[in-house]
Amino acid sequence: MASGGSTGGSQGRTGQRGIFYGWYIVAAVFFMAFVSIGFRQSYGLFLPSWTEEYEVSVSFLSTVAFVGWMVNGVAQPVVGGLADRYGARVVAAVSVAVLGLSTVAMAFSFNIWMLAFFYATLASFSNAGAMFTPITPLIARWFVRRRGAALSVITAGGSGGAMLLIPFAAYLLELANWRVALGAIAGILLVLVLPLVLVVIRNRPSLLGLRPDGDTATMADGSQRPQIIDGPLTVSHWRQAYRSAPMWQLTLTYVVCGVTTAVIAVHFVSFAKTEGINETTAAIAFGLLSFANMASVLVMGFFISDRVQRKNALTFIYAVRGLGFLALLVIPGTVGLWVFAVIAGSSWLATVPQTSALAAEVYGVRNVGSITGMLTMVHMCAGAVAVLAAGFTFDLFGSYDPVWVVSVAMLGGASLMAWLVREREVSARYVPMRLAEA
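Residues numbered from 1 in each chain as written. Predicted model: local features only at pLDDT ≥ 70, side-chain atom pairs only at ≥ 80, totals over all residues. Heavy atoms only, no water.

A.B. asks: Can you tell me about a nonpolar patch on the surface, naming the residues and giving the values?
C.D. replies: Nonpolar side chains collect at one region of the surface, where Val 78, Leu 82, Tyr 86, Val 90, Val 94 and Phe 125 lie side by side and expose about 520 Å² of accessible area between them. Secondary-structure elements contributing two or more residues to the nonpolar patch are helix H4 (58-86) and helix H5 (88-107). Looking at the nonpolar patch element by element, the count peaks at three residues for H4. Accessibility expressed as a relative area gives 35% for Leu 82, which makes it partly exposed. (Patch = residues over 30% accessible without salt bridge, like charges linked within 9 Å, V, L, I, M, F, W, Y side chains within 5 Å. Areas by Shrake-Rupley, 256 points an atom, 1.4 Å probe, with all protein chains shown as cover. Salt bridge = Lys/Arg side-chain N within 4 Å of Asp/Glu carboxyl O. Helix = DSSP H or I, 4+ residues; strand = E, 2+ residues; numbered from the N terminus. Buried < 20%, exposed > 50% of the residue type's maximum accessible area, 1.4 Å probe, protein only.)

Dropping the structure here:
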């Protein structure tokens, strides 16, 4: 620990032994995202049980989900700002603790109002701090060249949670009941995730005498590598980001992302039942969706993300998701469900690392927690409105087809909007290239 440069070099330079400590942080955050996103995505799994036990409608539970997603959205810039100011470690630890305790309260709820209160308030707010928003500034400080790959691994944790935690909860639901399933999730949060966050996460590499990516002050070729490169649109306060086009373009695409992911997260099982498919099969299909997403996120993160323009990756991702929703319209029954799971799944959370990394590279890492929080807020609030609208649409028409039609149209627009981002002109990734050309 006596020499920051030598320590960083022993762990990070090419050809030397040891794993850069940032990857241990990535692993810890991977597991946190695995459980926290698994919890959020499992809401739809419990809808049939709650409608039967508490004798409430799908539209009522959609309203509860709407409030929860709105609260989660409002919490995003709050936890992002706190992470910028105090660091991700304390924000993540407190959030995991509150999420675990509120999930316990949900499991012991004696009526629908108690359950709705804990889900829509404490669980939804704390869930924001146990996901991507406070983690983005953390990863942006630990990684520069491999930022896309690191964020992709963490996003894959969310996909893994949906892939494994939801079928696990479905198994407990069938074996026992929904209270046992929620209690198991709470136990994982409090007993496994919380200690891991406290022990492993450190807010910046300098606390361990390291540099981003594990670099030494002087690279192997003798060149000096700056720790942070600012782009032409780097801001000193997050509000300034809204004075330029990329922030609005990312915002609009993230609105569409929120709408399409939220509708599926809450209504997937209910839709499957309208097609004559039971909860367990629907949960397995959702697990396949999540597996396809995890695989695509990792492939894109390690082999594509840091090699192409991120806006091109986003253009492709939204277009593929649109094809998945189109499959729900034109392919009936179980076959359509499986086709959707594979096609749409390959794009599901793939937007998160690309959008977060692009925001950091365009507007700088100093305020990226707040900026990512604002983006995620509109993502979650748009999703909340979509969940509510989808519930009332189903009650009115007895079908989800109108929802799928709107989703296809919106995803086509999002793909076009992403393509229009002028990344080479505004991203810090391309500053060295522009300087070399000059």
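There's more to say after this.
A.B. asks: Outline the layout of surface pockets, supporting the account with residue identities and numerical values.
C.D. replies: The computed volume of the second largest pocket comes to approximately 180 Å³. Along its surface, the second largest pocket is lined by Val 259, Val 263, Ala 382, Val 385, Ala 386, Ala 389, Ala 390, Thr 393, Pro 402, Val 403, Val 406 and Ser 407. Mapped onto the lining of the second largest pocket, the elements with two or more residues apiece are helix H10 (245-274), helix H15 (368-397) and helix H16 (401-419). If you tally residues by element for the lining of the second largest pocket, the top one is H15, at six residues. Of the residues belonging to the lining of the second largest pocket, the class tally is ten nonpolar, two polar and no charged. (1 Å grid on protein atoms, 1.4 Å probe; cavity = no way out; pocket = protein on both sides within 12 Å on 5 of 7 lines; lining within 4 Å. Points joined across faces, edges and corners; volume = space filled by probe spheres on them. Nonpolar A, V, L, I, M, F, W, Y, C, P; charged D, E, K, R; others polar.)

A.B. asks: An account of helix H13 (residues 333-345) is needed here, citing residue identities and associated values.
C.D. replies: Over its 13 residues, H13 runs 18 Å from end to end, which matches the ideal 18 Å to within 8%, given 1.5 Å per residue. The set of residues buried in H13 consists of Gly 333, Gly 336, Leu 337, Phe 340, Ala 341, Ala 344 and Gly 345. Burial along H13 is one-sided: seen end-on, the buried residues are contained in an arc of 140 degrees. Contact partners of the buried residues in H13: H10, helix H11 (279-304) and helix H12 (310-330). (Expected span 1.5 Å × (residues − 1). Arc of directions from axis to C-beta. Contact = heavy atoms within 4.5 Å.)

A.B. asks: Outline the pattern of salt bridges, listing residues and values.
C.D. replies: It is possible for side chains of opposite charge to pair when their charged atoms get near one another. Counted according to the given criterion, the structure contains six salt bridges. The partner of Glu 425 in a salt bridge is Arg 422, and the shortest N-O contact between them spans 2.9 Å. A relative accessible area of 46% places Glu 425 in the partly exposed class. The class of Arg 422 is exposed, set by a relative accessible area of 55%.

A.B. asks: Tell me what's going on with helix H9 (residues 178-200), and back it up with residues and numbers.
C.D. replies: The end-to-end C-alpha distance of H9, which contains 23 residues, comes to 32 Å, matching closely the 33 Å that a straight helix rising 1.5 Å per residue would cover. Its maximal kink placed at Val 193, H9 deviates by approximately 35 degrees, while the proline Pro 195 follows within four residues. All of the buried residues along H9 are Trp 178, Ala 181, Leu 182, Ile 185, Ala 186, Leu 189, Val 193, Leu 194, Val 197 and Val 200. Buried positions along H9 lie against helix H2 (21-41), helix H3 (43-54), H5, helix H6 (112-129) and helix H8 (147-175). You can read the cap of H9 off the contacts: a side-chain oxygen lies 3.0 Å from the backbone nitrogen of Arg 179, and it is on Asn 177. (Bend = angle between axes of the 7 residues up to and from the residue. Polar contact = N/O pair within 3.5 Å; in protein donor to acceptor, adjacent residues only side chain to side chain.)

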